[in-house]
Amino acid sequence: MLYLILIISILNTVLIIYLLKELRKGKDKVAELLDNSKSEKELPSEEDKKHIDDMLKMREMYESD
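Being a predicted model, the structure only gives us computed values, none of them experimental.

Draft legend 1. Region of interest: the overall build of the chain. Each helix and strand counted, the chain has two helices and zero strands in total. In the chain, which comprises 65 residues, the share counted as buried stands at 0%. As displayed, the chain offers around 6,800 Å² of accessible surface, 64% of which is attributable to carbon and sulfur atoms.

Below is the structure:
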């Protein structure tokens, strides 16, 4: 009976270690995808730049009144 408990405990420990490694791999994949999506959004397009400039001009006009 004691050996059965020992074997179950060892198997449980091995399973936990395996699952933690798999979760770490999944976390790394998600982090990589997030980094890639952030790098794509960092470069604003010409339309975005024009829109930002227009908004800043409108803000300056509003504040000057």
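Draft legend 2. Molecular detail of the pattern of salt bridges. Taken as a whole and judged by the stated rule, the model has three salt bridges. The closest approach of N and O atoms between R59 and E63, which form a salt bridge, is 3.3 Å. Placement of both R59 and E63 in helix α2 (residues 46–64) is noted, with a separation of four residues, approximately one turn of the helix. Like R59, the residue E63 is exposed in the burial classification.

Draft legend 3. Quick look at α2. Along its 19 residues, α2 runs 27 Å from first to last C-alpha, staying within 8% of the 27 Å computed at 1.5 Å per residue. α2 sits mainly on the outside: zero of its 19 residues count as buried.

Draft legend 4. Layout of a nonpolar patch on the surface. Together, Y3, L6, I7, I10, L11 and V14 line one region of the surface with nonpolar side chains, adding up to about 660 Å² of accessible area. Along the chain, the position of L11 falls in helix α1 (residues 2–41).

Conventions and cut-offs
- Residues numbered from 1 in each chain as written.
- Predicted model: local features only at pLDDT ≥ 70, side-chain atom pairs only at ≥ 80, totals over all residues.
- Heavy atoms only, no water.
- Helix = DSSP H or I, 4+ residues; strand = E, 2+ residues; numbered from the N terminus.
- Buried < 20%, exposed > 50% of the residue type's maximum accessible area, 1.4 Å probe, protein only.
- Areas by Shrake-Rupley, 256 points an atom, 1.4 Å probe, with all protein chains shown as cover.
- Salt bridge = Lys/Arg side-chain N within 4 Å of Asp/Glu carboxyl O.
- Expected span 1.5 Å × (residues − 1).
- Patch = residues over 30% accessible without salt bridge, like charges linked within 9 Å, V, L, I, M, F, W, Y side chains within 5 Å.

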